[in-house]
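Tertiary structure, described
Each chain, written out:
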Amino acid sequence: MTEKTHFACFTGKRNVFAITSPPPRFLVVVLQMRFECRCGVSTVKKYPIKPRMPLHVGFSSLPKCRTLLPLLFLFFVTCLTPTLRVSGFAAPSPVSHIDRFKRLQNQFDLRGTALASNDGSKEVTLSPREAYFLGQAFATWIIRELSPQSSASTSAETLPITIAAGRDSRLTGPALSYSFLEGVETVCGAAAPVDLGLCSTPATFHACLDPPLGLGVSASVMVTASHLPMDRNGFKMFSRQGKGGLTEAEVSDVVALAAEIFQDQHGAYPNLDIPTTRPHPHWLKAHRFLQDVYGKHLSQLIRNCAAKGQNFEKPLEGMRVVLNPVNGAGGFFVHVLEACGADTRGSFNLAPDGHFPNEPPNPEDPATMRATVQAVAAAGADLGVILDPDCDRVGLVSGVGKAAGGDRAPIALNRNRLIAMAAAVVLRDHPGSTIVTDSVTSEGLSRFIAKRGGKHLRYQKGYRNVIEKGESLPDCWLAMECSGHAAFRENRFLDDGAFLAVKLIGEMASPVSALTGGKDIAVFTPSAGFEGANLLALIADLDEPVEYVEIRLPVLRGRDREVAIEQVLKAFEWVVSVTSWWKMEKYNYEGLRAKVQEGGGRKAGWLHFRASLHDPVISLTCESEVEGGVAAMLGTLIDCGMPDATSDTLVNDLPYWMSRKMVGRLDEFQRTCNHSCVDK
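Throughout what follows, the structure given in this document is the object of discussion. Note that this is a predicted model, so its numbers are computed, not measured. In this convention, every chain numbers its residues from 1, walking through the sequence in written order. Reporting in this predicted model follows two pLDDT cut-offs: at least 70 for local features of residues, and 80 or more for side-chain atom pairs to be given and counted; totals over whole chains, interfaces and linings ignore these cut-offs and use all residues. Note that the side-chain values use all heavy atoms of the structure and ignore hydrogens as well as water.

Focus: the overall build of the protein
Put simply, DSSP H or I for four residues or longer makes a helix, DSSP E for two residues or longer makes a strand, and each gets a number counted from the N terminus. Along its length, the protein carries 17 helices and 24 strands. Note on classification: 1.4 Å probe, protein chains only; a residue is buried when its accessible area is under 20% of the maximum for its type, exposed when over 50%, partly exposed between these limits. By the burial criterion, 55% of the 680 residues in the protein qualify as buried. Put simply, 67% of the contacts in the protein that link residues at least 6 apart link residues at least 24 apart. In short, Shrake-Rupley with a 1.4 Å probe defines the accessible areas, and a residue's cover is counted only from the protein chains shown. Entry remark: accessible area of the protein is about 28,600 Å², with carbon and sulfur atoms responsible for 56%. Here, residues are in contact when the closest pair of their heavy atoms is within 4.5 Å.

Side note on the side chain of Ser446
Following the sequence through the fold, Ser446 ends up in helix α11 (residues 443-451). In contact with Ser446, other than residues within four places in its own chain, are His456 and Arg458.

Brief notes about the pattern of salt bridges
When a carboxyl oxygen of Asp or Glu lies within 4 Å of a side-chain nitrogen of Lys or Arg, that pair is called a salt bridge. On inspection of all chains with the given rule, the structure shows 34 salt bridges. Salt-bridge contacts for Glu130 lead to Arg100; the nearest nitrogen and oxygen are separated by 2.6 Å. You can see Glu130 sitting in helix α3 (residues 128-146) and its partner Arg100 sitting in helix α2 (residues 97-102), a full 30 residues away along the chain. Each member of the pair, Glu130 together with Arg100, is buried. Arg593 is the salt-bridge partner of Glu585, the closest N and O atoms lying 3.8 Å from each other. By sharing partners, the salt bridges in this structure join Glu443, Arg458, Glu585, Arg593 and Lys595 into a single network.

Things to note about the side chain of Lys236
Position of Lys236 relative to the elements: it lies in strand β9 (residues 232-239). Taking the relative accessible area as the measure of exposure, Lys236 reaches 6% and is therefore buried. The definition of a polar contact used here is a pair of N or O atoms within 3.5 Å, where within protein one atom must be able to donate a hydrogen and the other to accept one, and adjacent residues in sequence count solely through side-chain atom pairs. Polar side-chain contacts of Lys236 include one of 3.1 Å to the side chain of Asp390.

Some thoughts on the packing of helix α10 (residues 416-429) against helix α13 (residues 497-509)
Comment: axis = line fitted to C-alpha atoms, over the contacting stretch for helices; angle = value between 0 and 180 degrees taken between N-to-C directions. Relative to each other, α10 and α13 sit at 65°, their axes nearing to 11 Å. As far as their axial angle goes, α13 and α10 are roughly perpendicular. Remark: the crossing between α10 and α13 carries left-handed chirality. Taking contact as the criterion, the partners of Leu418, Met421, Ala422, Val425, Arg428 and Asp429 in α10 are, on α13, Leu500, Lys503, Leu504 and Glu507. Its residues assigned to classes, the contact of α10 with α13 shows 6 nonpolar, no polar and 4 charged. Angular relationships are summarised with four words: roughly parallel below 35 degrees, roughly antiparallel beyond 145, roughly perpendicular across 65 to 115, and oblique for the angles in between. In this scheme, a crossing is called left-handed if the near helix is turned counterclockwise away from the far one by less than a right angle; it is called right-handed if the turn is clockwise. Residues are grouped as follows: Ala, Val, Leu, Ile, Met, Phe, Trp, Tyr, Cys and Pro are nonpolar; Asp, Glu, Lys and Arg are charged; every other residue, Gly included, is polar.

Some points on the sheet that holds strand β22 (residues 592-598)
A strand pair is defined by DSSP finding two or more bridges across the two strands. The strand order across the open sheet formed by 5 strands is β20-β24-β23-β22-β21, and the pairing between neighbours is antiparallel. The outermost strands of the open sheet, each flanked by one partner alone, are β20 (547-554) and β21 (582-584). Between one strand and the next, the sheet's axes are offset by a mean angle of 15°, whatever the strand orientation. Across 7 bridges, the pairing between β22 and strand β23 (residues 603-611) is antiparallel. When the sheet's bridge partners are listed, Ala594 is paired in β23 with Leu607.

Notes on the packing of aromatic side chains
Planes of paired rings set the category: under 30 degrees apart is stacked, over 60 is edge-to-face and the rest tilted, where pairs are Phe, Tyr or Trp rings (Trp by its six-membered ring) whose centres lie within 6.5 Å. Per the counting criterion, the structure on display carries 12 aromatic pairs. With a centroid separation of 5.8 Å and an interplanar angle of 70°, the aromatic rings of Phe101 and Phe262 are classed as edge-to-face. Highlighted residues: Phe101 in helix α2 and Phe262 in helix α6 (residues 248-264), separated in sequence by 161 residues. Taken together, a centroid distance of 5.1 Å and an interplanar angle of 35° make the contact between Phe180 and Phe235 tilted. Here Phe180, found in helix α4 (residues 173-188), pairs with Phe235, found in strand β9; they are 55 residues apart in sequence, far enough to count as distant.

Written as structure tokens, this is what we have:
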């Protein structure tokens, strides 16, 4: 090193500055800092520095005081460290490296609080800093996946790595996305990151496919928190090698890598002051993938479904569809429909807005469904479509009924109804298929599937649990959760709400469909519109529950959740054993479910106890096909001493629910009767 103190200013990369004092070399102070020069690109050269390669800036040959200066500098830094703020960010919170990232894992994806509350009650757990290190970790993991047998020297220089990132409309999406890709660039170089901009989760996965369906990237990541409130955000990661989303174990590997890299680099983040509306980095390639590629793909799927129709290019001509994408990324679906001739007047919440200013961004939410039902009625539409912010979930609303004079009230088509519609189409095309669902679907749905020659397998809650189970069964062509996550074998078992909407809209437009019993007839007429193909025809024989309720019973503070669920299940088993009209299900993959005989054996309700996926809560779900059935089930539990048997484990709310007679006044979304979910 020279006798002068050297200083360098770099942009776009992580830089490590080391201050040394040779000789003697008794002290090395490593600082990780980022200096951004804002005097113009032409005056600053961008130097790519490999990770873990420090740039040494030192003091040497200073007369008499070369040991004193480093000591004074160390004292200065040590005194200021507790209150030092760099570019507006405080020093990292006192949390271990592994816990910093482990707390973000939500089984198959990563989620955290990305916006602080005004009162400071919520800690930000997912900031651009975490995103930067997760980007490095994901890129490192992808390199290892693509070269598992290679030597330790294998790097991005010998592998053409490209990683794409999309995001929904959340306010923190740009900052988290760009920071994640900046971490990717640190590991793989400037050619690796691809910005998809506003995108859906299914489209982000499609970027991994070969053209023309995709971009052929090595991996992709979606920045989203699905239907959660605006202050939350997260990452869903996809690998071309793995042919889909990362498994829970693979996400854990990425988390562990992020913690390791964070520790090695002392948590240094190269841009600590990123506003929410961070401008697009000049070095980052952008691609309008959602509308230019994926949207056109969906339009073509509709045309293919209606291939026998008289109008191939515009098979939806004459159909009015109201779209509610809840101010998320789903506004593009309007163009998908219009490209096929649909009239989309009456659609609302189309503009991306991360505040979600109107209804909750959840197709299952009563307010969201109610607003869509009202919009369909006001527009006189044939169908309503609700997409969540990242478009992997969907809810539908039936049309007004043109042939009946337009006086039929639109109704919600979700949960068991939506699964039954998808199953009817699948079982027509693939007779004898197994339909995999989560554990809280109805007895009526099982009978519906059996009448069509299919097999119904109730598995576990959690859409990825359902999908992975379906993917493992060679005769399964549909895996679907009540929440609206649906995955078809023909679509690579990707949970794609827009794809399910396309499938069912295509059935309405097709002259040969499950709606017509496979008969080749003309569905559309000017007088009747699409009445002959109304989706309610698919589920005319679906036996629906009259009452449905879910009660969440919190585990007492200090009690282990696993011990609590074991105690609850033992008590429930005893109640079933002494109640002659209750019978335990033969197969239980999650908790315990018992069938309750109602109405002389012609009707059946059920109860189901299970542990919540994420919270210290025991969930009790009850469903009945007769009025007053849920109250009778809860009464049996109380009469048999269930609350007393679990009083030392649960905050038991069963007596409260009975005393308030909540069963008789269930939320209108939870109560179903005569095909009417939220229309009254």
